[in-house]
Amino acid sequence: MKKSTAEESRSHKAQVVVDRLGKKLNRQIVGSMVACVHCGLCTDSCHYVLSNPGDPTYAPAYKADRIRKIFKRHYDWTGRVFPWLVGAKTVMTDEELEELKDISFGKCTNCRRCSLNCPMGVDFATMNRMTRGLLVSVGIMPEGVATVSKDQWELGNQMGVLKEDYLETLEWMEEELQDELDDPSAKIPVDKEDCAVVYSINPREAKYDPRTIGDAAKIFHAAGEDWTMPSDGWDMTNFGLFSGDDELGGAVARHLFDRVQELGGKKLVISECGHGYRSTRCEAPNWAKYDVPFEMESSVETMLRYVKEGRIKLDKTRNSKPVTFHDSCNLARSCGITEEPRELLNLVCTDFREMYPNREENYCCTGGGGAMSMSEYTPRRLKSGKVKAEQLKATGAKVVVTSCHNCVDGLTDVIRHYELDMEVTQLVNLVAEALVIEKPARVPTVVEDLPLAGRRIVVADDEPDQLLYLATVMEDYGATVYQAASGDEALTLVRKEKPDLVTLDLAMPGRPVTEIYEVLRSDSELEGLKICIITGRPEMRELIYQRMETPPDGYLDKPLSEDDLLRGVRKVLELSHQEV
Amino acid sequence: MSDFLHFSEHTLQEVALVFMACVYVTRIVWFLRFAAGKERQGQTGSGATSPTKGFIYSWANVAMPWAMESTRTKPSLYVQFVLFHLGVTTAIGLSFVIPYAPALLENGLLVLILQIVIGLAFLVGVRRFIRRVSDPYMRAISTPDDYFSLLLLTAWFFFAVLAVPNNSAGGEWHLLMYFWLTAFFLVYVPFSKISHYLYYPFTRFYFGRSMGYRGVYPIRRVHKAKTS
Ligand code: SF4
Ligand code: SF4
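This structure is a prediction, so every number in the text was calculated from the model and none was measured.

J.: For this particular structure, what's the right way to read the pattern of salt bridges?
T.: In a structure, side chains of opposite charge can pair up when their charged atoms sit close to one another. Residue and element names in this part refer to chain A. The full count for this structure, using the stated rule, is 47 salt bridges over all chains. With a shortest N-O distance of 3.3 Å, R311 and E309 are connected by a salt bridge. The exposure class of E309 is partly exposed, given its relative accessible area of 45%. Within this structure, E225, K267, E295, E297, R305, E309 and R311 form a network of salt bridges that share partners.

J.: Looking at this structure, I do not really get the sheet that holds strand β6 (residues 323-326) of chain A. What am I missing?
T.: Pairing between the strands of a sheet comes from backbone hydrogen bonds, and it takes one of two forms, parallel or antiparallel. Residues and elements named next belong to chain A. One open sheet holds the four strands; their spatial order is β7-β6-β8-β9, and the pairing between them is parallel. Sheet topology places β7 (352-353) and β9 (423-425) at the edges, where each strand pairs with a single neighbour. Alignment of β6 against strand β8 (residues 399-402), held across four bridges, turns out to be parallel. Bridge pairing in β8 links F325 to V401.

J.: Just checking my understanding: could you explain the site of ligand 1 for this structure?
T.: Near ligand 1 you find C36, V37, H38, C39, G40, L41, C42, A61, C118, P119, M120 and V122 of chain A, and these make up its full shell. Its residues placed into classes, the shell around ligand 1 shows ten nonpolar, two polar and no charged.

J.: When you look at the pairing of strand β14 (residues 530-535) of chain A in this model, what are you seeing that I'm missing?
T.: All names here are of chain A. With respect to burial, β14 is a largely interior element, six of its six residues being buried. Side chains of β14 alternate between two faces, with K530, C532 and I534 and I531, I533 and T535 buried alike. Of the strand pairs in this sheet, strand β13 (residues 501-505) and β14 are connected by five bridges, and their pairing is parallel. Paired with L504 across the bridge in β14 is I533. For the crossover that starts at β13, traverses helix α27 (residues 513-522) and ends in the parallel β14, the hand is right-handed. Of the pairings in the sheet, the one linking β14 to strand β15 (residues 554-557) comprises four bridges and is parallel in character. Considered in β15, the bridge of C532 is made with G554.

J.: How do you make sense of the interface of chain B and chain A when you look at a structure like this?
T.: With 60 residues of chain B in contact, the opposing surface of chain A contributes 72 residues. Both sides together, the interface formed by chain B and chain A hides about 5,500 Å², and carbon and sulfur atoms give 56% of it. The largest share of the area that chain B buries against chain A comes from R40, Y137 and R214 of chain B, three residues that together contribute 14% of it. Connecting chain B to chain A are six salt bridges. Where R27 of chain B meets D76 of chain A, a salt bridge forms, and the shortest distance between an N and an O atom there is 3.1 Å. The interface formed by chain B and chain A holds 27 residue pairs in polar contact (both at pLDDT 80 or more) in total. The set of elements that each furnish at least two residues to the side of chain B that touches chain A consists of α2 (11-32), α4 (69-72), α6 (108-134), α7 (136-140), α8 (144-163) and α10 (196-213) of chain B.

J.: I keep staring at the nonpolar core and nothing clicks. Help me out?
T.: Nonpolar side chains in soluble globular proteins tend to end up buried together. In terms of nonpolar packing, the biggest core is built from 125 residues, with L21 and F71 of chain A together with W30, L94, F157 and Y178 of chain B touching the most fellow members. When we break this core down by domain, the ones giving at least three residues each are domain 1 (5-141) and domain 2 (146-434) of chain A. Ignoring sequence-local partners within four residues, the contact set of W30 of chain B consists of V30, V34, F71, Y75, D76 and W77 of chain A together with Y199 of chain B. If you look at the next biggest cluster of nonpolar residues, it comprises 68 residues, including L170, I201, F325 and A434 of chain A.

J.: Looking at this structure, I do not really get the sheet that holds β14 of chain A. What am I missing?
T.: All names here are of chain A. Spatially, the five strands line up as an open sheet ordered β12-β11-β13-β14-β15, and their pairing is parallel. Of all the strands in the sheet, the pair left with one neighbour each is β12 (480-484) and β15. Neighbouring strand axes in the sheet, compared pairwise and without regard to direction, differ in orientation by 20° on average. Against the sheet, helix α29 (residues 562-572) contacts β11 (456-460), β13, β14 and β15, and its axis sits at roughly 170° relative to β15.

J.: Please explain a nonpolar patch on the surface as it appears in this structure.
T.: A cluster of nonpolar residues, L109, L112, I113, I116, L120 and L123 of chain B, forms a patch on the protein surface that exposes about 550 Å² of accessible area. By the secondary structure assignment, I113 of chain B is in helix α6.

J.: So what exactly am I meant to see when it comes to unusual backbone geometry here?
T.: Leave glycine aside and you will find that most residues have negative phi; peptide bonds, for their part, are mostly trans. Here the residue pair Y356 of chain A and P357 of chain A is connected by a cis peptide bond, since its omega of -10° sits within 30 degrees of zero. Y217 of chain B connects to P218 of chain B through a cis peptide bond whose omega is -10°. Tracing the backbone shows P218 of chain B in the segment after α10. Even without glycine at this site, R112 of chain A takes up a positive phi of about 75°. Along the chain, the position of R112 of chain A falls in the loop between α8 (94-106) and α9 (113-116).

J.: I would appreciate a short explanation of the site of ligand 2 in the present structure.
T.: All names here are of chain A. The immediate surroundings of ligand 2 are formed by 13 residues, with C46, C108, C111, R112 and C114 found nearest. Within the residue set of the shell around ligand 2, elements represented by two or more residues are α4 (47-51), α5 (60-75) and α9. Across the shell around ligand 2, the residue classes break down as seven nonpolar, three polar and three charged.

J.: Explain the environment of T378 of chain A here, please?
T.: All names here are of chain A. Secondary-structure assignment places T378 in helix α21 (residues 378-383). For T378, a relative accessible area of 2% gives the class buried. Distance from T378 to D413, taken between C-alpha atoms, is 9.7 Å for residues 35 residues apart in sequence.

J.: I'm lost on the packing of aromatic side chains in this one. Help?
T.: In this description, an aromatic ring pair is defined by two values, namely the gap between the centres and the angle between the planes. Evaluated as defined, the whole model comprises 38 aromatic pairs over all chains. Ring pairs connect the aromatic residues F84, W156, F157, Y178, F179 and F185 of chain B, which therefore count as one cluster. The side chain of K107 of chain A reaches across the aromatic face of Y58 of chain A, ending 4.7 Å from its centre. One cation-aromatic arrangement involves R27 of chain B over W30 of chain B; the distance from NZ or CZ to the ring centre is 5.6 Å.

J.: Quick question: what am I supposed to make of the pairing of β11 of chain A here?
T.: Two faces, one strand: in a regular strand the side chains alternate between the faces of the sheet. All names here are of chain A. Burial runs high along β11: four of the five residues are buried. With five bridges connecting them, β11 and β12 associate as parallel partners. Bridging from a neighbouring strand, I457 pairs with V481 of β12. Each parallel crossover has a hand, and the one from β11 via helix α25 (residues 464-476) to β12 is right-handed. Pairing of β11 with β13 involves four bridges; the strand directions are parallel. Residue pairing in the sheet places V458 in a bridge with V502 of β13.

What counts, and at which threshold
- Residues numbered from 1 in each chain as written.
- Chains lettered and ligands numbered in written order.
- Predicted model: local features only at pLDDT ≥ 70, side-chain atom pairs only at ≥ 80, totals over all residues.
- Heavy atoms only, no water.
- Salt bridge = Lys/Arg side-chain N within 4 Å of Asp/Glu carboxyl O.
- Buried < 20%, exposed > 50% of the residue type's maximum accessible area, 1.4 Å probe, protein only.
- Pairing = 2+ DSSP bridges.
- Helix = DSSP H or I, 4+ residues; strand = E, 2+ residues; numbered from the N terminus.
- Near = heavy atom within 4 Å.
- Nonpolar A, V, L, I, M, F, W, Y, C, P; charged D, E, K, R; others polar.
- Right-handed = clockwise from strand over helix to strand, strands pointing away.
- Contact = heavy atoms within 4.5 Å.
- Buried area = accessible area lost by both parts, 1.4 Å probe.
- Polar contact = N/O pair within 3.5 Å; in protein donor to acceptor, adjacent residues only side chain to side chain.
- Core = buried A, V, L, I, M, F, W, Y, C linked by side-chain atoms within 4.5 Å.
- Domains from an automatic or database assignment.
- Axes fitted to C-alpha atoms, helices over the stretch in contact; angles between N-to-C directions.
- Patch = residues over 30% accessible without salt bridge, like charges linked within 9 Å, V, L, I, M, F, W, Y side chains within 5 Å.
- Areas by Shrake-Rupley, 256 points an atom, 1.4 Å probe, with all protein chains shown as cover.
- Phe/Tyr/Trp six-rings, centres within 6.5 Å; stacked < 30°, edge-to-face > 60°.
- Lys NZ or Arg CZ within 6 Å of the ring centre and 35° of its normal.

This is how it looks when you write it as structure tokens:
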């Protein structure tokens with residue numbers, strides 16, 4: 001068939017997007033495309049709108065119209081006959097696709113708040129996910145999305161955690177647990193067959209927050225659960241939800257589902273993660289065309305069930321700080337999990353305060369839709385967190401609990417950016433803290449050797465308070481610490497003192513830390529040197545996602561508690577298997 | 001009554017109605033040719049939610065302004081919505097009453113009620129137009145069809161108010177305007193956003209069913225409305 005002039009001058013990518021749009025259309029999507037009456041009722045539902053007054057380009061219907069106009073021009077007959085009347089317009093160039101990317105990835109977290117507030121039933125978030133999928137299919141996407149998707153395709157998990165690192169983390173957590181409970185029977189069973197529960201996690205837990213794995217193990221142990229973790233296919237997150245790539249979504253889920261079946265698991269328990277739960281429990285059976293033969297539940301439901309069945313006992317007085325709860329958009333608005341976490345919270349802490357609005361009307365943490373991996377939009381994301389910050393502040397709570405790892409990161413950034421006096425934690429941590437274990441946990445004996453005794457560490461940070469804090473904690477635990485206020489100073493100290501470890505803040509003035517990192521790595525005299533990156537500035541996150549040839553030995557996120565710092569440093573120094 | 005007015009009240013309306021019906025059928029056939037996405041997910045949520053309850057709740061949503069934050073926090077917009085759509089229904093009914101049951105309009109009270117209902121819808125139309133033109137957020141999402149449809153309906157309400165008494169003693173122009181606008185409206189609607197009500201049952205059905213599967217609909221209300 002002969003191409004029209006317009007088709008001939010359209011870029012290849014734009015043509016592919018137009019063609020693939022036609023293949024992606026189902027009745028639900030078409031309904032959302034044609035039913036909008038431009039009433040504007042959804043405008044104020046969006047946290048981007050509320051935090052950026054006067055900028056209508058953040059309005060959900062405006063954003064939806066960017067893809068709707070292409071649909072109308074090519075697939076809706078009114079738009080084909082009278083394009084000027086209904087705002088139909090085709091897409092011609094790659095630049096226009098880039099603009100669409102900016103809206104689709106950079107101005108919406110797919111939180112679905114507008115969808116729930118549209119009287120016509122227009123589900124913009126689903127339309128936007130489809131738009132992302134179209135753009136991804138022609139290679140137009142934020143760099144972080146490309147990297148994370150690649151990791152999930154190639155390594156089976158979205159943070160590129162290697163199997164040996166994952167297994168080592170489980171071993172480490174098991175030893176810590178046995179040590180804490182003084183009970184060698186406390187285990188993290190791996191690949192055990194025919195268990196009642198197969199536990200799947202977010203790779204963030206293995207990489208940055210192993211404490212949540214340890215806490216979950218403690219709860220399973222206390223409940224006497226017959227459980228296991230798979231050595232492979234353990235990642236329940238799914239970047240396909242964020243990138244709009246159903247193929248990736250289906251492949252990731254199939255891997256996990258197959259693994260549970262191979263192990264003969266009766267139930268898949270999904271750790272506290274909003275998008276992980278939504279993907280695995282709700283969307284993945286559709287993406288993967290998989291009729292899942294086993295039960296699935298969120299670990300929030302599991303923990304609550306244990307309390308109700310009398311399998312675990314809690315002492316809520318151990319969590320006495322004022323606590324509020326942030327609903328993950330995916331859990332509350334897309335999966336209806338709103339009451340279970342509250343029920344559990346009331347059992348596990350003494351001062352729970354609701355934030356307003358809440359449940360399915362709660363505002364996004366700003367980190368949804370994969371936003372944490374799109375560092376180019378970080379300033380915009382943080383600005384749009386204003387409404388969340390106000391909401392948090394109004395509670396007067398000191399702790400915000402959330403059942404989602406993305407939300408932990410999103411909220412941490414908001415809290416830091418708006419200088420709120422709060423910390424973020426998850427239910428699993430509170431439950432583990434409140435857990436009453438019949439056999440008293442061993443009181444740690446004072447050991448002669450401090451946990452970091454004999455270790456030489458260079459700490460580099462340009463913030464004097466932070467530098468002092470890091471140095472003091474490590475010195476208190478027996479390390480010899482050298483302080484550097486810049487990357488270059490750190491380099492000089494490392495060459496002079498030949499320490500076991502250097503910790504680098506990513507955002508120091510002077511020479512870029514990435515460059516310092518490369519110099520350290522390429523120096524043959526520093527071969528055994530461990531390097532730990534400490535990130536404080538969210539906009540520097542892209543460095544985490546950019547795969548360096550030899551990755552750092554560890555990453556730590558600021559703000560750091562003393563416990564997390566010690567634990568992280570010991571892990572990097574491979575001291576974790578030694579008795580403290 | 002002149003022959004021209006008689007033609008406008010009968011033949012013109014009938015032709016326009018048939019045209020509208022044909023285009024509507026085509027529209028629905030076109031829409032239904034898109035396959036509906038399947039749901040393989042198991043049902044989640046408490047026993048109070050289910051796919052069936054979900055879509056019923058979703059359909060009933062239109063009559064529950066408290067259910068959504070967007071209508072709960074903007075009661076005046078909801079009232080406008082109700083008045084506007086009452087006016088539309090009444091003005092459509094009027095286009096059948098005048099030619100087929102004119103005796104009804106001999107009741108002065110009924111005439112007054114109809115004029116009030118349609119008159120209020122006219123005022124809402126004016127208010128909506130002002131909002132669409134003056135609010136930068138509304139302007140940013142408006143197409144020529146949005147302005148034109150609203151103007152058309154508002155003008156139609158105006159002539160409908162005048163047409164309600166069905167009195168041509170002082171001239172037929174107001175009745176002619178009302179019936180010609182009605183005919184134009186019937187022909188134009190299937191091409192414009194006014195046809196949204198065709199899709200409404202489908203969009204709310206699918207959205208509600210999906211939300212029902214996921215334990216979101218019907219929404220559970222538990223001490224939640226401090227700010228709303
Ligand atoms: S998406 Fe819904 S609420 Fe938003 S403008 Fe369109 S019809 Fe109105
Ligand atoms: S899905 Fe959320 S972030 Fe996106 S437009 Fe709607 S309300 Fe805004």
